Amino acid sequence: MRPLRIALLGAPRVEVDGAPLAVDTRKATALLAFLAVTGDAHARTVLADLLWPAGDPERARSALRRTLSTLRSALGAERLASDRLTVTLNLEGAFFDLNEFRRLAGAPDADTDTLASAAALHRGDLLAGFGLRDSVEFDDWQREAQETVRRERATVLDRLADGLVREGRF
């Protein structure tokens, strides 16, 4: 499986084999981000409606097929599983900053160094500066996801501050 690094905490940066992800549309990046952040399999119809909401459903499905083909070529076939109904992103062995943040922050007994490492992964809001001008649905999802991550980050910073105070490290 090809090495994959996904950094979405800030402006999106995706690398495959150490090189920037080679895709020709923002929709491909949006699709990758949505699949990575949600971590679930999604129905093709849901993805088509999310990314191409205003168009003809057949054209949206066709655009999704092209985008999936582009992503599959860029990521490797083993990373993007799809069938006639669903699409899933395989992150096995990949680095994904949001998953790493949640792993580090999720330990109830995380020490201050671990919490500091989690906080340091944030370069800005989730998908900072990224958007799709023709998909209110994607923008709505992105805003909700950003707010969730902001709350998670605030919790980590509170825990970190409390831990530093306990350690006398002002």
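This text goes with the structure placed above it.
The structure reproduced in this document is the subject of the present report.

### Some words on the overall build of the protein
Inference 1: Along its length, the protein carries six helices and seven strands.
Inference 2: Going from N to C terminus, the protein has its helices and strands arranged as β-β-β-α-β-α-α-β-β-β-α-α-α.
Inference 3: Structurally, the protein occupies a C-alpha span of about 60 × 35 × 25 Å along its principal axes.
Inference 4: With 170 residues in all, the protein has 39% of them scored as buried.
Inference 5: Pairs at least 24 apart in sequence give 65% of the contacts found in the protein among residues at least 6 apart.
Inference 6: For the protein, the computed accessible surface area is about 9,200 Å², with 50% contributed by carbon and sulfur atoms.
Inference 7: Of the charged side chains in the protein, 24 are positive and 26 negative; the average position of the first set lies 5 Å away from that of the second.

### Description of the pattern of salt bridges
Inference 1: Counted under the stated rule, the structure contains eleven salt bridges.
Inference 2: Here Arg 150 makes a salt bridge to Glu 147, at a shortest N to O gap of 3.0 Å. A residue pair is termed a helical-turn pair when its members lie 3 or 4 positions apart in one helix, as Arg 150 and Glu 147 do in helix α6 (residues 136-166) at three residues.
Inference 3: Residue Arg 150 is classed as partly exposed on the basis of its relative accessible area, which comes to 35%.
Inference 4: Its salt-bridge partner being Glu 147, residue Arg 151 comes within 3.8 Å of it at the nearest N-O pair. Taken together, the residues Arg 151 and Glu 147, both in helix α6 and four residues apart, mark about one turn of the helix.
Inference 5: Given the relative accessible area of 33%, Glu 147 is considered partly exposed.

About the cut-offs
Residues numbered from 1 in each chain as written. Predicted model: local features only at pLDDT ≥ 70, side-chain atom pairs only at ≥ 80, totals over all residues. Heavy atoms only, no water. Helix = DSSP H or I, 4+ residues; strand = E, 2+ residues; numbered from the N terminus. Buried < 20%, exposed > 50% of the residue type's maximum accessible area, 1.4 Å probe, protein only. Contact = heavy atoms within 4.5 Å. Areas by Shrake-Rupley, 256 points an atom, 1.4 Å probe, with all protein chains shown as cover. Lys, Arg positive; Asp, Glu negative; His and termini not counted. Charge placed at Lys NZ, Arg CZ, Asp CG, Glu CD. Salt bridge = Lys/Arg side-chain N within 4 Å of Asp/Glu carboxyl O.

Geometric descriptors of this kind do not, in isolation, establish any biological role.
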